[in-house]
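# Breakdown of the fold
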Amino acid sequence: MAATSENDCRFRGKSILITGAGGSFGREGCLYFASRGAIVAGLDKNKEALEETASYVKSQLGSSNANPLMETFECDVTNVESVSNAVSSSMGFFSNNQCRSIDMLWNNAGYQGQIKPTLEYDPNDFDLVMKIN
């Protein structure tokens, strides 16, 4: 029998950082872990998508958990300074919630790139695929 969010406490109080939180998998991951008591930092370069994720998680959790321990941070995973800033902000959020480290990191951000023969592939697009993935 699968554990439901009500009785699944494996993640309660754990700090989880999720990249690509603005996309569909990342959004559902934020909901999954937040509904099980995790303290979630969602990262994405798309601010509007992050806002949608935060709203979605709060609306799905409803009155049973009206104030989930979740925060979102803008982050471009291809930029070292952006990642450093987002991780620092996430650690501040986690420490405000009595967490001293990141318990789980879900590197969910990804980019597929073009679907075409290798010799037709744009080198700049290939570079972006390598930087994100």
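It should be noted that the structure appears before, not after, this text.
Residues numbered from 1 in each chain as written. Predicted model: local features only at pLDDT ≥ 70, side-chain atom pairs only at ≥ 80, totals over all residues. Heavy atoms only, no water.

Within helix 4 (residues 123-132), the full set of buried residues consists of Asp125, Val129 and Ile132. For helix 4, the buried positions fall inside an angular range of 80° around the axis, keeping them on one side. Residues of helix 4 that are exposed and angled more than 90 degrees away from the buried face: Pro123 and Asn124. Near the N-terminus of helix 4, the side chain that reaches the backbone nitrogen of Asn124, with its oxygen 2.9 Å away, is that of Asp122. (Buried < 20%, exposed > 50% of the residue type's maximum accessible area, 1.4 Å probe, protein only. Helix = DSSP H or I, 4+ residues; strand = E, 2+ residues; numbered from the N terminus. Arc of directions from axis to C-beta. Polar contact = N/O pair within 3.5 Å; in protein donor to acceptor, adjacent residues only side chain to side chain.)

Our focus in this paragraph is the pairing of strand 1 (residues 15-19). The buried count for strand 1 comes to 5 of 5 residues, which makes it a mostly enclosed element. A two-sided burial pattern is seen for strand 1, the buried positions comprising Ser15, Leu17 and Thr19 on one face and Ile16 and Ile18 on the other. Pairing analysis gives 5 bridges linking strand 1 to strand 2 (residues 39-44), with the strands arranged parallel. Along strand 2, the bridge assignment pairs Ile16 with Val40. Here 3 bridges tie strand 1 to strand 4 (residues 104-106), and the two strands are oriented parallel to one another. Its bridge partner being in strand 4, Ile18 is matched across the sheet by Trp106. (Pairing = 2+ DSSP bridges.)

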